[in-house]
Every structure is written in structure tokens, then in C-alpha cells.
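Here is what each chain is made of, one letter per residue.
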Amino acid sequence: MYHQYEEKSACPVKAPVEHRFSPYTDNGGTTLAIAGDDFCVIAGDTRQSEGYSINTRYAPKVYQLTNGAVLATGGMYADGVTLVKMIEQRLEWYRHAHDKEMSCGALAQMLSTILYHKRMFPYYVWNTLGGLDEEGNGAVYSYDPVGNYEKHKWNCSGSAGHLIQPFLDNQIGFTHQKDKPVLSKERVIEVTKDAFTSATERDIYTGDNLEMFIVTRTGIEKQLHPLKKD
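Bear in mind that the values here come from a model prediction, so they are computed numbers and not experimental data.

(A) Molecular detail of the sheet that holds strand β7 (residues 125–132). Read from one edge to the other, the open sheet built from five strands follows the order β5-β6-β7-β8-β9, with strand pairing classed as antiparallel. In this open sheet, the two edge strands, each paired with only one partner strand, are β5 (62–66) and β9 (149–152). Strand-to-strand twist in this sheet, taken as the mean axis angle between neighbours without regard to direction, amounts to 25°. Relative to β9, strand β8 (residues 138–143) is paired through four bridges, and the arrangement is antiparallel. Bridge pairing in β9 links Val140 to His152. Those strands touched by helix α1 (residues 77–98) are β5, β6 (69–75) and β7, and its axis lies near 10° from that of β5.

If you want it as C-alpha cells, here you go:
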């Protein structure tokens, strides 16, 4: 008996197409903070990128909040700018209410509260707060996007964080070394420059300029140094 077979199509079976949308993006970049006995250095590069495209070569990641505290933020640039605006508004309310600036320790706790309040739809940023504590000693606080934070002597975050952090452990923390000398401000500044100069050779999302804030009891000094442009 003759059977007629249906000819099979070479095209794949049609299926529903899933469309995805994400409100987040990562604009790259690197930040670090190092605390000394009576100073703190907070630094970040200025490149803002997305994928293999550079959006701008000067998008600051480090912001002076008070005379004794500086915030370094990275990740999604829009969320970072929004977060800084909110913090500045809270600091202005505090000044009007108490006629003084908020301390670095109190600011660290307030930032944790702000981030935790947005935990259901968090700011897509990694934050590092640096400054001087109530005793005048350097202090560094690192955060996750939902407000968990920890006090350090040094910390690095961002796209080149995994490259710089071991370098800081060796040059700042003197890990597995017999001698652990006290670091001067000048030495910390040089280590910071070397860290970013090396990172730009390996990480395409870090570069253009190094913006550095040095916090001391006499005030905050800002420095800008060129980095690799390609």
C-alpha cells in the first residue's frame, strides 16, 4: 500500500520569544580608599563605559560630602548620582537641625540606612566611605548594595578591584611580611597612583584620569592625575 509522507520543514518550530528588560547597567570603573593614622586617601578613575563603548572620559566617582568624609561610588552611574543627591539633602537637613556637620561615623550609619531602605529595588552601586573618625584617625567603610557595611583600613571595589586588592594587601597591609612600618601620607599616595597605573594595563573599564581626595585634620585636598586613555 502506498503511503504519502508529509514533507518536513527545515525551519525550526516556532516558539514564544521572551523579551527581557533590566533597569540596571554597569558603567565600570574602580575606586579605593586607604586609611592612615591621621589621614585618609579616597580615589577613583573617571572613565564611564558600557560594554566596549566609552560614554565619557570624565564622570566623577568620588564626592566630598563633608569636611571630614568622602564617598566613592561605582557601578551604575545614574544610581550613584541619585544616591549622592539624597545623601547631600540629608546632610543639609542635619546642618539646619543641629548647626554642625555630621561625623564620619554617623554618616556611615546613615548611608547604611538609606541603602537598606531601598533593598527591594536597590541602588546598583558599590560604595566606599572614607574620612576621619571622632578621634581623628583614618577610617574606611565598605558597603554592599543593600546596606551591609564593614570598617576597614583599606578597600578597593569595581572592575579592577580583584587586581588592586591583593596589591594593597601586600603594600598597605604587609600581609605575610615580618616588618610592618607605619605608612606616611606620601607613601599611600604613591601606592594609589601605582595601583591605578597598573590596573589600566589590564582592565579596559578603568582609565582616563585618577581623581584623588586626601582627608586630613586641616581639610581635604583634591588631586587629578592622567591615566591611560585607550
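Picking up where we left off.
(B) Focus on the sheet that holds strand β12 (residues 219–226). Across the sheet, which stays open at both edges, the five strands sit in the order β10-β1-β2-β11-β12 with antiparallel pairing between neighbours. Taken across any chain shown, the strands that pair with only one partner, and hence form the sheet edges, are β10 (154–158) and β12. Pairs of neighbouring strands in the sheet enclose a mean axial angle of 10°, with direction left out of account. Pairing between strand β2 (residues 40–45) and strand β11 (residues 209–216): six bridges, direction antiparallel. When the sheet's bridge partners are listed, Gly44 is paired in β11 with Glu211. Contacting β1 (30–35) and β10, helix α3 (residues 161–171) crosses the sheet at an angle of about 170° to β10.

Cut-offs and rules
Residues numbered from 1 in each chain as written. Predicted model: local features only at pLDDT ≥ 70, side-chain atom pairs only at ≥ 80, totals over all residues. Heavy atoms only, no water. Pairing = 2+ DSSP bridges. Helix = DSSP H or I, 4+ residues; strand = E, 2+ residues; numbered from the N terminus. Axes fitted to C-alpha atoms, helices over the stretch in contact; angles between N-to-C directions. Contact = heavy atoms within 4.5 Å.

Geometric descriptors of this kind do not, in isolation, establish any biological role.
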